[in-house]
Amino acid sequence: MGKALSGEAIEHYKREGYLFPVRVMSEDEAAFYRAKIEAFEAVGDGRPRIDSKYLKTSKMHLLFTWANALVRHPRILDVVEDLLGPDLLVWGNSCWIKEPRDPGFVSWHQDSTYWGLTPPEAVISVWLALTPATVENGAMRFVPRSHAFDQIPHKDTYAKDNMLSRGQVAQHDIDEARTVNVVLKPGEISLHHIRMLHASKPNTADERRIGFAARYIPPYVRQANTRESAKLVRGEDTHGYFDLEPDPAADLDPDAIAAHNAAVGQQGYGYAAGDPRREGKSLQVS
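Everything numeric in this text was worked out from a predicted model, so none of it was measured.

**Considering the overall build of the protein chain**
Here comes step 1: Scanning the protein chain from terminus to terminus reveals seven helices and 15 strands.
Here comes step 2: In the protein chain, of all internal contacts separated by at least 6 residues, the share reaching a separation of at least 24 is 81%.
Here comes step 3: Put simply, the protein chain shows about 12,300 Å² of open surface, and 51% of that area lies on carbon and sulfur atoms.

**Focus on the sheet that holds strand S11 (residues 198–200)**
Here comes step 1: Reading across from one edge, S3-S11-S6-S9 is the order of the four strands in this open sheet, with antiparallel pairing throughout. Every interior strand has two partners, whereas the edge strands, strand S3 (106–109) and strand S9 (180–181), have only one.
Here comes step 2: Where strand S6 (residues 140–142) meets S11, three bridges bridge the pair, whose relative direction is antiparallel. The partner of Met140 across the bridge, within S11, is Ser200.

**Looking at the pattern of salt bridges**
Here comes step 1: For the coordinates displayed, the defined rule picks out 18 salt bridges.
Here comes step 2: Measuring nitrogen to oxygen at the nearest pair gives 2.9 Å for the salt bridge that ties Glu16 to Arg15.
Here comes step 3: Residue classification places Glu16 among the buried positions, given a relative accessible area of 10%.
Here comes step 4: Using a relative accessible area of 41% as the deciding quantity, one classes Arg15 as partly exposed.
Here comes step 5: Taking the shortest distance from any N to any O, the salt bridge between Arg208 and Glu99 comes out at 2.6 Å. In this pair, Arg208 sits in the loop between S11 and strand S12 (209–217) while Glu99 sits in the loop between strand S2 (88–98) and S3, placing the two residues 109 residues apart along the sequence.
Here comes step 6: Overlapping salt bridges, with partners in common, bring together Arg34, Glu38, Glu41, Glu99 and Arg208 in one network.

**Topic: the packing of aromatic side chains**
Here comes step 1: Evaluated as defined, the whole model comprises nine aromatic pairs.
Here comes step 2: Pairing Tyr18 with Phe20 gives two aromatic rings, centres 5.8 Å apart and planes at 35°, and the pair type is tilted.
Here comes step 3: Ring centres of Phe40 and Phe64 lie 5.2 Å apart, and the angle between their planes is 70°; on these two criteria the pair is classed as edge-to-face. Linking Phe40 in helix H2 (residues 27–41) with Phe64 in the loop between helix H3 (53–56) and helix H4 (65–71), this pair joins segments that are 24 residues apart in sequence.

**Focus on the sheet that holds strand S14 (residues 229–234)**
Here comes step 1: Spatially, the seven strands line up as an open sheet ordered S1-S10-S5-S12-S2-S14-S15, and their pairing is mixed. Only two strands of the sheet have a single neighbouring strand rather than two, namely strand S1 (18–23) and strand S15 (243–244).
Here comes step 2: As defined by bridge partners, S14 adjoins S15 across two bridges and the pair is classed as parallel. When the sheet's bridge partners are listed, Ala230 is paired in S15 with Leu244.
Here comes step 3: On top of the sheet, helix H1 (residues 7–16) reaches S1, strand S5 (124–129) and strand S10 (188–193); it is set at about 145° to S1, its chief contact.

**Points about H1**
Here comes step 1: Of all the residues in H1, the buried ones are Ala9, Ile10, Tyr13 and Glu16. Looking straight down H1, one finds its buried side chains confined to an arc of 155°; they lie on one side. Structural note: H1 exposes Glu8 and Lys14 on the side pointing more than 90 degrees away from its buried face.
Here comes step 2: Buried positions along H1 lie against S1, helix H5 (74–84), S5 and S10.
Here comes step 3: One or two positions beyond H1, positive phi appears at Gly17, with a value near 90°.

**As for the nonpolar core**
Here comes step 1: Grouped together as the largest cluster of nonpolar side chains are 44 residues, with contacts concentrated most on Phe64, Trp66, Leu191, Phe212 and Tyr216.
Here comes step 2: By size, the runner-up hydrophobic cluster in this structure holds 15 residues, among which are Trp96, Trp127, Val182 and Leu184.

**Things to note about unusual backbone geometry**
Here comes step 1: Look at the link from Phe20 to Pro21: it is a cis peptide, with omega at -10°.
Here comes step 2: Following the sequence through the fold, Pro21 ends up in strand S1.
Here comes step 3: Looking along the chain, the bond that leaves Thr118 and enters Pro119 is cis, with omega of 5°.
Here comes step 4: Examined against the element boundaries, Pro119 turns out to sit in the loop between strand S4 (117–118) and S5.
Here comes step 5: Phi is positive for Arg145, close to 70°, though the residue is something other than glycine.
Here comes step 6: Considering the arrangement of structural elements, one finds Arg145 in the loop between S6 and strand S7 (154–156).
Here comes step 7: For Arg145, a relative accessible area of 43% puts it in the partly exposed group.
Here comes step 8: The phi angle at Tyr158 is positive, at roughly 50°, despite the residue not being glycine.
Here comes step 9: Relative to the assigned elements, Tyr158 resides in the loop between S7 and strand S8 (168–170).
Here comes step 10: We classify Tyr158 as partly exposed; its relative accessible area is 31%.

Reading guide: rules and limits
- Residue numbers here run from 1 along each chain, matching the order of that chain's written sequence.
- Selection of residues for local features in this predicted model requires a pLDDT of at least 70, selection of side-chain atom pairs for listing and counting requires 80 or more, and totals for whole chains, interfaces and linings are taken over all residues.
- Note that the side-chain values use all heavy atoms of the structure and ignore hydrogens as well as water.
- Only DSSP runs of H or I covering at least 4 residues are called helices, and only runs of E covering at least 2 are called strands; the numbering of each starts at the N terminus.
- Whether two residues are in contact is decided by their heavy atoms, any of which lying within 4.5 Å being enough.
- Exposure was quantified through the Shrake-Rupley algorithm and a 1.4 Å probe, taking into account, for residues, occlusion by the shown protein chains and nothing else.
- Two strands form a pair only when DSSP identifies at least two bridges running between them.
- Just to be clear on terms, a salt bridge is a Lys or Arg side-chain nitrogen sitting within 4 Å of an Asp or Glu carboxyl oxygen.
- A 1.4 Å probe rolled over the protein chains alone gives each residue an accessible area, and that area as a share of the maximum for its type sets the label: buried under 20%, exposed over 50%, partly exposed in between.
- Aromatic pairs are defined between Phe, Tyr and Trp rings, using the six-membered ring for Trp, whenever the two ring centres lie within 6.5 Å; interplanar angles under 30 degrees are classed as stacked, those over 60 as edge-to-face, and all others as tilted.
- Axes, fitted as lines to C-alpha atoms, cover a helix only where it is in contact. Angles between the N-to-C directions of the axes lie from 0 to 180 degrees.
- The arc in question is the one spanned by the directions pointing from the helix axis to the C-beta atoms.
- Buried Ala, Val, Leu, Ile, Met, Phe, Trp, Tyr and Cys residues form a nonpolar core when they are joined through side-chain atoms within 4.5 Å.

Right, here's the structure in full:
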């Protein structure tokens, strides 16, 4: 029995490689964070700024005070602590938004393919639903127990509607009958292992699907490709493998943007390893 999870839930995560649904906040609190995102998206004519680079970046917590608070949400950290221990870093996070009737999809893949984080069993992705995540609007899908697979070869496709950075596709036969739809209500999270095979279909519904994904690691995790930075969110940094990141004083203030550019510049070289489009390039925003 942990702080937030039952012993049965912990064993389910270890056995299956995923866990959901876990409620970490009320639907009203989830609506608050959705409103923060959509207020930033809004422009003068009231239409959403759908392609905002700030929401797609991998380290939103360096740019927005509300994102910084969200990655430190006590209930989320209690859940992650039950699986990874009391010392926690957040390595990255981003918004995953699917617009109504949009063809965007995510192909079957393992996050471990390009992240360079080791050991893999100590990396957890938390996906928070800020709107309902349903089969119709493109909820995630998992292949149970696929976290026990070795690293699977992936093919970079750069497909137009693939939401992944390289359109990467796992070279593995997927038994669709074994897959699980990750249906969530606002304020619920799913958790999955870095080697979990997962994907999602396009949004065929008439409403937006909005999620916030954060990647948590304990301090003994290392980055194989380069030295990076991370945010200490609970406990102590007992190993010093990452440069520790500051809190933003205000949303998108000059110091916050400078810190973000430095951090994603470091991370960009790790992501770019083997990518002919991005080799030697950072992921900075301005």
